[in-house]
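Close look at the chain arrangement
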Amino acid sequence: MNRIIAIRTALLGAFALALSACGINSVPEKEEVVNARWADVQSAYQRRADLVPNLVSTVRAAAGSEEAILTQVIEARAQATSTTINTGDLGDAEKFRQFEQAQGNLGSALSRLMVVVERYPELQSQQRFADLMVALEGTENRIDNSRTRYNEAVRVYNTAIRTFPETIGANIIHGAEPKATFQADAAAQTAPTVDFGDMDPGASGN
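Each value, and the rule that gives it
Residues numbered from 1 in each chain as written. Predicted model: local features only at pLDDT ≥ 70, side-chain atom pairs only at ≥ 80, totals over all residues. Heavy atoms only, no water. Helix = DSSP H or I, 4+ residues; strand = E, 2+ residues; numbered from the N terminus. Buried < 20%, exposed > 50% of the residue type's maximum accessible area, 1.4 Å probe, protein only. Areas by Shrake-Rupley, 256 points an atom, 1.4 Å probe, with all protein chains shown as cover. Expected span 1.5 Å × (residues − 1). Bend = angle between axes of the 7 residues up to and from the residue. Phe/Tyr/Trp six-rings, centres within 6.5 Å; stacked < 30°, edge-to-face > 60°. Core = buried A, V, L, I, M, F, W, Y, C linked by side-chain atoms within 4.5 Å. Contact = heavy atoms within 4.5 Å. Salt bridge = Lys/Arg side-chain N within 4 Å of Asp/Glu carboxyl O. Axes fitted to C-alpha atoms, helices over the stretch in contact; angles between N-to-C directions. Parallel < 35°, antiparallel > 145°, perpendicular 65-115°, else oblique. Left-handed = near helix turned anticlockwise from the far one by under 90°. Nonpolar A, V, L, I, M, F, W, Y, C, P; charged D, E, K, R; others polar.

Turning our eyes to something else, we now look at the overall build of the protein. Tallying secondary structure elements over the protein gives 7 helices and 0 strands in all. Secondary structure elements of the protein, listed N to C terminal, follow the sequence α-α-α-α-α-α-α. Every one of the 206 residues in the protein was classed for burial, and the buried ones make up 38%. A total accessible area of about 11,200 Å² is found for the protein, and carbon and sulfur atoms account for 54% of it.

The structure is reproduced here in structure tokens:
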């Protein structure tokens with residue numbers, strides 16, 4: 001009897017291992033990692049969007065004549081915050097492209113704003129503005145890091161669903177589809193250049 005139980009246990013273990021190797025468990029696990037990394041991306045972009053109102057208000061107070069570029073930043077922020085994508089749409093290349101473009105437009109508008117404010121040393125010398133710049137720089141670094149981690153998680157997932165034996169479970173059981181990635185050569189995603197030349201070196205916080 002003990003021998004029969006041992007054989008059954010061994011067979012069940014072998015069966016479970018075979019299922020795991022076929023992607024029954026590993027593919028969903030990899031997809032959850034992708035979803036978690038995507039949440040990090042959204043959080044980083046939201047953090048940037050949250051900084052924009054205070055940044056615009058501070059710049060307007062010292063450089064009200066630059067209303068055109070401030071309006072561009074406000075409009076780009078509105079577009080970026082309204083263009084959302086959930087985890088279920090990460091395989092939709094067009095929706096992903098729209099999301100990336102909207103965020104890229106905001107990044108570009110902020111970059112142009114940073115060029116404009118260089119003409120206002122009195123603004124750059126303000127502690128409030130300096131703190132916002134430090135926060136913005138830190139946020140752009142977070143965005144870059146979260147995008148990189150997301151792309152890596154997607155690479156692992158996309159490879160798994162196309163590679164034997166995980167592709168068996170991925171396609172037959174889960175109906176897995178490839179996820180979209182950020183493009184490394186997206187020029188619009190270049191982080192704004194922040195000039196700290198006239199800022200208080202003691203400014204901190206992000």
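Another aspect to go through is helix α2 (residues 26-62). Working note: α-helix, 3.6 residues per turn, so residues spaced by three or four point in the same direction. Taking 1.5 Å of rise per residue, the 37 residues of α2 would be expected to cover 54 Å, and the 55 Å separating its terminal C-alpha atoms lies within 8% of that figure. Where α2 bends most, at Val52, the angle is about 30°, and the proline Pro53 comes one to four residues later.

All right, on to the packing of aromatic side chains then. Taken as a whole, this structure holds 8 aromatic pairs when the rule is applied. Consider the rings of Trp38 and Phe96, whose centres lie 5.6 Å apart with planes at 40°: the pair is tilted. Here the residue Trp38 occupies a position in helix α2, and Phe96 occupies one in helix α4 (residues 93-117), the gap between them amounting to 58 residues. The exposure classification of Trp38 matches that of Phe96, with both residues buried. Ring-pair connections join several aromatic residues into one group, and the members of that group are Trp38, Tyr45, Phe96, Phe99, Tyr150 and Phe182.

Let us look at the nonpolar core. Side chains of a nonpolar character, in soluble globular proteins, are inclined to be buried together. With 25 residues, the main nonpolar core has Leu55, Val59 and Leu113 as its most contacted residues. Secondary-structure elements contributing two or more residues to this core are α2, α3 (67-82), α4 and α6 (127-160). Ignoring sequence-local partners within four residues, the contact set of Leu55 consists of Leu110, Leu113, Met114, Phe129, Leu132, Met133 and Leu136. Ranked by size, the runner-up nonpolar core spans 19 residues in total, among them Val34, Ile85, Phe99 and Ile143.

With that settled, the discussion passes to the pattern of salt bridges. Pairing is possible between side chains that carry opposite charge, provided their charged atoms lie close to one another. All chains considered together, the criterion is met by 9 salt bridges. Residue Arg119 pairs with Glu66 through a salt bridge whose shortest N-O separation is 2.8 Å. A residue pair is termed long-range when its members are at least 10 positions apart, and Arg119 in the loop between α4 and α5 (121-124) and Glu66 in the loop between α2 and α3 qualify at 53 residues. Here Glu66 falls in the buried class, since its relative accessible area comes to 14%. Between Glu100 and Arg147 there is a salt bridge, with the nearest N and O atoms lying 4.0 Å from each other. Placement of Glu100 in helix α4 and of Arg147 in helix α6 is noted, with a sequence separation of 47 residues between them. The buried category is assigned to Glu100, whose relative accessible area is 11%.

With that settled, the discussion passes to the side chain of Thr139. Positionally, Thr139 belongs in helix α6. The exposure class assigned to Thr139 is buried, which follows from its relative accessible area of 0%. Setting aside chain neighbours within four positions, we find Thr139 in contact with Ala44, Arg47, Arg48 and Leu51.

Moving on, we come to the packing of α2 against α6. Where α2 meets α6, the closest approach of the two axes is 8 Å, and the angle between their N-to-C directions is 160°. With respect to α6, the axis of α2 lies roughly antiparallel. In this structure, α2 meets α6 at a crossing whose hand is left-handed. By residue class, the composition of the contact of α2 with α6 is 22 nonpolar, 5 polar and 11 charged.

This part takes up the packing of α2 against α3. For the pair α2 and α3, interaxial distance at closest approach is 10 Å and the crossing angle is 165°. Taken together, the axes of α2 and α3 lie roughly antiparallel to each other. Taken as a pair, α2 and α3 cross one another with a handedness that is left-handed. In contact with Ala49, Asp50, Val52, Pro53, Val56, Val59 and Arg60 of α2, α3 contributes Glu67, Leu70, Val73, Ile74, Arg77 and Thr81. Residue composition of the contact of α2 with α3, grouped by class: 8 nonpolar, 1 polar and 4 charged.

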